Amino acid sequence: MKKVQFKEAIVILITMLIILGTAVIKFGLSPQIPVLFTIALLIFWARFRGAAWEEIHRGIQEGIETAIIPIFIFILIGALIAVWIKAGIIPAIMVVGFKLISSQFFIPSTFVVCSLVGLAIGSGFTTISTIGIALFGMGVAMNINPALIAGAIISGAVFGDKMSPLSDSTNLASAIAGSDLFAHIKNMMWSTIPSFIVSLILFWLLGSAGSRIDAGKIARTTTVLTQHFTITWWALLPIILMFACAWRHIPAIPTLFINIFTTVMMIFCQDPHESLPALTKLISAGFVAHTSNSSVNALLSRGGISSMMATVSLIIVTLSLGGILMKFQVVQAAMDPLVKHLQKPGPLVTTTVLAGVGINLFVGEQYLSVILPGKAFKPAFTRIGLSPLALSRVLEDGGSVINYLIPWGVAGSFAASTLGVPVLHFLPFAFFSLFSPVFSILSGFTGIGLKWMQTGQTKQPHH
């Protein structure tokens, strides 16, 4: 098949974006069907251009391969949520949280707590699906807007994931750019700290101006949780284990297995008569709460492997789409001409950020939104004398943090299904993800915090 030209690539990408955007945003359809429709159009286009079926199949295969580990992690997270609720861990966090956290400062507190947990364990997904679910339940019991709570949880989780040396995406960005990991984390503070401060101020303002707090509802929720779940200090054990595994640099899959096994042992200690069929059903189908309180039932009936299947199916179809685009170099054809014309840091940083955002929109995959712009724009950063640290920061600000804002993105669909809030509802409140690229672009134009090769300048002489 002949090389795809720039104009053809742009037409393909814009058509895709119109189809996906119209279907998901205007008509509110679940993303799987529009993505499948787009794949069908791309396959017909590739065949029309003379591509062999084997090539198309290989593209789909190569696309999905990048997400085999995340898919497996999602399945384990589904199991973990179910056993954590059954063992009383999430209910215990909620009960303790009601006593410790002031309702007036709940939203900024949620943002800070999720930031610290994410920083310690290096995984945004694990932060959202453990402490995030508990905080979400508390916020709903306080009559706070669910989209605002989700925005605070996701913003904190993204901050922690971005700034943790244990994070996959942080390690990937520094590796692609060729920068030292800890120097990369330190350099990210130029855009991350302003984003964090602005987000905290906005959460503070919105949190204090939020809905009226119903103290009676909180008291009723606490009573129901205490009556129906085992609330003990033992609930801390799986949480401590999670931090210990992160501290020992144990990867996500064994960490989740250790945590699930420990929690299952706790369930058997609490109820020695728990049957094996009931436990396997719990892990497979999720926890179903049967309390006298309908809102508690709605909050705590979740988890299970089956609850992750919608997200897994979306990841598979989205990455199949991405795989075809990569195989026939459609995205590269759209980016290559831009690289040659970028001679100044401001436009270069802006274009690299927008490329990361664009790949999130077109491919929906966090890792590819870092890898592709990293490879495409690295020569341009080197050519004008910018340090690899400048590139690695831009890749995070425009790539990995944006994936949570895309309805058909891996991270966005995971957060939406885990918290039960659609991406487009929490998007306006995911301040940290929204402001990170803005401060990165400002750095490119002002030269503040922009790293140059060898001399360590913050400004180019002719700037």
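The notes below deal with the structure included here.

The rules behind the values
Residues numbered from 1 in each chain as written. Predicted model: local features only at pLDDT ≥ 70, side-chain atom pairs only at ≥ 80, totals over all residues. Heavy atoms only, no water. Helix = DSSP H or I, 4+ residues; strand = E, 2+ residues; numbered from the N terminus. Rg over C-alpha atoms; globule rule 2.2 N^0.38 Å. Buried < 20%, exposed > 50% of the residue type's maximum accessible area, 1.4 Å probe, protein only. Contact = heavy atoms within 4.5 Å. Areas by Shrake-Rupley, 256 points an atom, 1.4 Å probe, with all protein chains shown as cover. Polar contact = N/O pair within 3.5 Å; in protein donor to acceptor, adjacent residues only side chain to side chain. Disulfide = S-S within 2.5 Å. Expected span 1.5 Å × (residues − 1). Axes fitted to C-alpha atoms, helices over the stretch in contact; angles between N-to-C directions. Parallel < 35°, antiparallel > 145°, perpendicular 65-115°, else oblique. Left-handed = near helix turned anticlockwise from the far one by under 90°. Nonpolar A, V, L, I, M, F, W, Y, C, P; charged D, E, K, R; others polar. Core = buried A, V, L, I, M, F, W, Y, C linked by side-chain atoms within 4.5 Å.

**Digging into the overall build of the protein chain**
Consideration 1: Helix and strand counts for the protein chain come out as 23 helices and zero strands.
Consideration 2: Against the globule reference of 23 Å for 463 residues, the protein chain gives a C-alpha radius of gyration of 23 Å, in line with a compact fold.
Consideration 3: If you line up the protein chain on its principal axes, its C-alpha atoms span 65 × 50 × 40 Å.
Consideration 4: Buried residues in the protein chain amount to 58% of all 463 residues.
Consideration 5: Summarising the internal contacts of the protein chain: among those between residues at least 6 apart in sequence, 78% fall at separations of at least 24.
Consideration 6: As presented, the protein chain carries roughly 19000 Å² of accessible surface, and 70% of it is formed by carbon and sulfur atoms.

**Some words on unusual backbone geometry**
Consideration 1: Positioned with a positive phi, asparagine 143 is a non-glycine residue whose angle comes to about 70°.
Consideration 2: Here asparagine 143 shows up in the loop between helix H7 (124-141) and helix H8 (146-163).
Consideration 3: You can call asparagine 143 partly exposed: its relative accessible area is 29%.
Consideration 4: Of note, histidine 249 is a non-glycine position whose phi angle comes to about 60°, a positive value.
Consideration 5: Along the chain, the position of histidine 249 falls in the loop between helix H12 (236-247) and helix H13 (252-270).

**Notes on the environment of isoleucine 201**
Consideration 1: One can find isoleucine 201 in helix H10 (residues 181-208).
Consideration 2: Judged by relative accessible area, isoleucine 201 falls into the partly exposed class, the value being 47%.
Consideration 3: Counting along the chain gives 197 residues from isoleucine 201 to glycine 398, while the straight-line C-alpha distance between them is 22 Å.

**Some points on the side chain of threonine 318**
Consideration 1: Tracing the backbone through its elements, the reader meets threonine 318 in helix H16 (residues 309-327).
Consideration 2: Within polar-contact distance, the side chain of threonine 318 engages the backbone oxygen of leucine 314 at 2.6 Å.
Consideration 3: Discounting chain neighbours no more than four positions away, the residues touching threonine 318 are Val35, Val363, Gly364 and Trp408.

**What to know about the state of the cysteines**
Consideration 1: Going through the model one piece at a time under the given rule, you end up with zero disulfides.
Consideration 2: In this model cysteine 114 remains outside any disulfide bridge; the closest cysteine sulfur is found in cysteine 245, 20 Å from its own.
Consideration 3: Not part of a disulfide, cysteine 269 finds its nearest cysteine sulfur in cysteine 245, a span of 19 Å.

**Re H8**
Consideration 1: An ideal rise of 1.5 Å per residue puts 26 Å on 18 residues; H8 measures up with 26 Å between its terminal C-alpha atoms.
Consideration 2: A large share of H8 lies buried, amounting to 17 of its 18 residues.
Consideration 3: For H8, the N-terminal cap is asparagine 145; the gap from its side-chain oxygen to the backbone nitrogen of alanine 147 is 3.0 Å.

**Observations concerning the packing of helix H4 (residues 68-86) against H13**
Consideration 1: Axis separation between H4 and H13 bottoms out at 9 Å; the angle between their running directions is 20°. Of the possible angle classes, the one that applies to H4 and H13 is roughly parallel. The crossing of H4 and H13 is left-handed. Only Ala252, Ile253, Leu256, Phe257, Asn259, Ile260, Thr263, Val264, Ile267 and Gln270 of H13 make contact with H4, whose side of the interface consists of Ile69, Phe72, Ile73, Leu76, Ile77, Ala79, Leu80, Val83, Trp84 and Lys86.
Consideration 2: A per-class count over the contact of H4 with H13 returns 16 nonpolar, three polar and one charged.

**Description of the nonpolar core**
Consideration 1: If you look at the biggest cluster of nonpolar residues, it comprises 156 residues, and the most contacted ones within it are Leu300 and Leu325.
Consideration 2: Per-element tally for this core: the top contributor is H4, with 12 residues.
Consideration 3: Ignoring anything within four residues of it in the chain, the contact list for leucine 300 reads Ile85, Ile90, Pro91, Met94, Leu225, Phe229, Phe287 and Ala289.

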